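Structural characterization, general
The chain contents come next:
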Amino acid sequence: MSRISTDDLSIGYGRQLIVDGLELTIPDSKITCIIGPNGCGKSTILKTIARLLKPSNGSVLLDGKAIHQQSTKSIAKKIAILAQSPHTPEEMTVKDLVSYGRSPYQKGFGQLSGKDWEMIHWALKETNLLEYADRYVHALSGGQRQRVWIAMALAQDTDILLLDEPTTYLDLAHQLDVLQVLEKLNRDQNKTIVMVLHDLNHASRFSDYLVSIRDGKIIKAGDPSEVMTNEVLRSVFDIDAQIVQDPSTKKPACLTYQLV
């Protein structure tokens, strides 16, 4: 079963077509990772699924209905998106930033309700940020700031979470920290998570479903064992990769590679 799919989806900027005739189905309650070279259309696809971009042709379907024909507020109660490298506001506390996730449920300039604060507290707890609630976001480390943004998306209380390169600019430890938070959310809360990732081994390790893209088209989609192969990576990235099995996760991993 799938709540999100695309039907003959084409997306462009001006006269330049980035994605052409995309047919993609996102499995529910799973982690899906989208991989591909720079400029292949990964982020464009994610933004269109989130209703931030309007397609040139075709549609994104959410619960069987075209997403661009549904209201912004109704979509915001179903899908949360964390954009790439969000700007961290000055002089704003963690708690205040996370509270913005409750915006779809506000009427006018109404105050936060008990339910709102309950969700904010839950989001901070899930991302291990309760002790930082009253600290300024800009004073936190990169990994902690990224968890604050994830907490804001969680406070939005959606079943679907989209993230565009959530580990960019983070060191290895903080990358794992963020990805393990997302893995726990999927496992414990049955969140449907769709991520764009550059690191192939992270994409393989943390995904249930892997989608490889080149020039706006799907080259191969499926279980990581079906996508993380020398043949597929050669077609997508023009690399000759040596693929091994990770002894701890049993998932495929790229040991080394060279240009074709």
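Up top you'll find the structure we're talking about.
What you see as residue numbers is a count from 1 along each chain, following the sequence as written. Note on the predicted model: pLDDT of at least 70 is required for a residue's local features to be given, and 80 or more for side-chain atom pairs to be given and counted; whole-chain, interface and lining totals, by contrast, use all residues. Side-chain figures throughout are based on the complete set of non-hydrogen atoms in the structure, without hydrogens or water.

Moving on: the nonpolar core. V94, V98, V148, I150, L163, L182 and M195 are the most contacted members of the largest nonpolar core, which has 48 residues in total. Per-element accounting of this core gives the leading share, eight residues, to helix α5 (residues 142–155). Domain segmentation is taken from an automatic or database assignment of domains. Counting the residues that make up this core, at least three belong to each of domain 1 (2–78 + 158–259) and domain 2 (87–157). Throughout, nonpolar core names a set of buried Ala, Val, Leu, Ile, Met, Phe, Trp, Tyr and Cys residues whose side chains join them through atoms within 4.5 Å. In this scheme, a residue with accessible area under 20% of its type's maximum is buried, one over 50% is exposed, and one in between is partly exposed, where area comes from a 1.4 Å probe on protein chains only. In this structure, V19, I26, V60 and V196 belong to the second largest nonpolar core, which totals 25 residues. A run of H or I in DSSP becomes a helix once it reaches four residues, and a run of E becomes a strand once it reaches two; helices and strands are each numbered from the N terminus.

Pairing of aromatic rings covers Phe, Tyr and the six-membered ring of Trp, with a centre-to-centre limit of 6.5 Å; geometry is then stacked below 30 degrees between planes, edge-to-face above 60, and tilted otherwise. Scanning all chains against the criterion turns up zero aromatic pairs. The ring of Y105 is capped by R102, whose NZ or CZ atom sits 4.1 Å from the centre of that ring. Note on criteria: charge over ring means Lys NZ or Arg CZ within 6 Å of the ring centre, with the direction from the centre no more than 35 degrees off the ring normal.

On to the layout of surface pockets, then. Definitions used throughout: a 1 Å grid over protein atoms alone; a cavity as a set of points that fits a 1.4 Å probe which cannot get out; a pocket as an open set with protein on both sides within 12 Å along at least five of seven lines; a lining residue as one with an atom within 4 Å of a point. Grid points are joined across faces, edges and corners, and a volume is the space filled by probe spheres set on the points. Space inside the largest pocket adds up to approximately 230 Å³. T72, A76, I79, I81 and Q156 are the residues nearest the centre of the largest pocket, which is lined by 14 residues in total. Those elements giving two or more residues to the lining of the largest pocket turn out to be α2 (72–76) and β7 (79–82). In terms of residue class, the lining of the largest pocket is built from nine nonpolar, four polar and one charged. Built from parts of two domains, the lining of the largest pocket gets at least three residues from each of domain 1 (2–78 + 158–259) and domain 2 (87–157). The space that makes up the second largest pocket amounts to roughly 190 Å³. Gly falls in the polar group here, along with every residue not listed as nonpolar (Ala, Val, Leu, Ile, Met, Phe, Trp, Tyr, Cys, Pro) or charged (Asp, Glu, Lys, Arg).

Further remarks concern the side chain of T93. Tracing the chain through its elements places T93 in the loop between β7 and α3 (94–99). For T93, a relative accessible area of 14% translates into the label buried. Pairs of N or O atoms are called polar contacts if they sit within 3.5 Å, as long as, within protein, a hydrogen donor faces a hydrogen acceptor (for residues adjacent in sequence, only side-chain-to-side-chain pairs). At a separation of 3.1 Å, a polar atom in the side chain of T93 contacts the side chain of D96. Pairs of residues are marked as contacts when any of their non-hydrogen atoms sit within 4.5 Å. When sequence neighbours within four positions are dropped, the list of residues in contact with T93 reads A133, D134, R135, Y136 and V137.

Pairing between two strands is assigned when DSSP locates at least 2 bridges connecting them. Spatially, the six strands line up as an open sheet ordered β7-β8-β9-β4-β10-β11, and their pairing is mixed. Strands with a single pairing partner mark the edges of an open sheet, and in this sheet they are β7 and β11 (217–222). Pairwise comparison of adjacent strand axes, ignoring direction, gives a mean angle of 15° for this sheet. Packed on one face of the sheet, helix α1 (residues 42–49) meets β4 (31–35), β7, β8 (160–164), β9 (192–196) and β10 (209–214) and runs near 150° to β8. Each of β7 and β8 touches α5; the most contacted strand, β7, lies at about 165° to it. Only the stretch in contact is used when a helix axis is fitted, and all axes are lines through C-alpha atoms; the angle between N-to-C directions ranges over 0 to 180 degrees.

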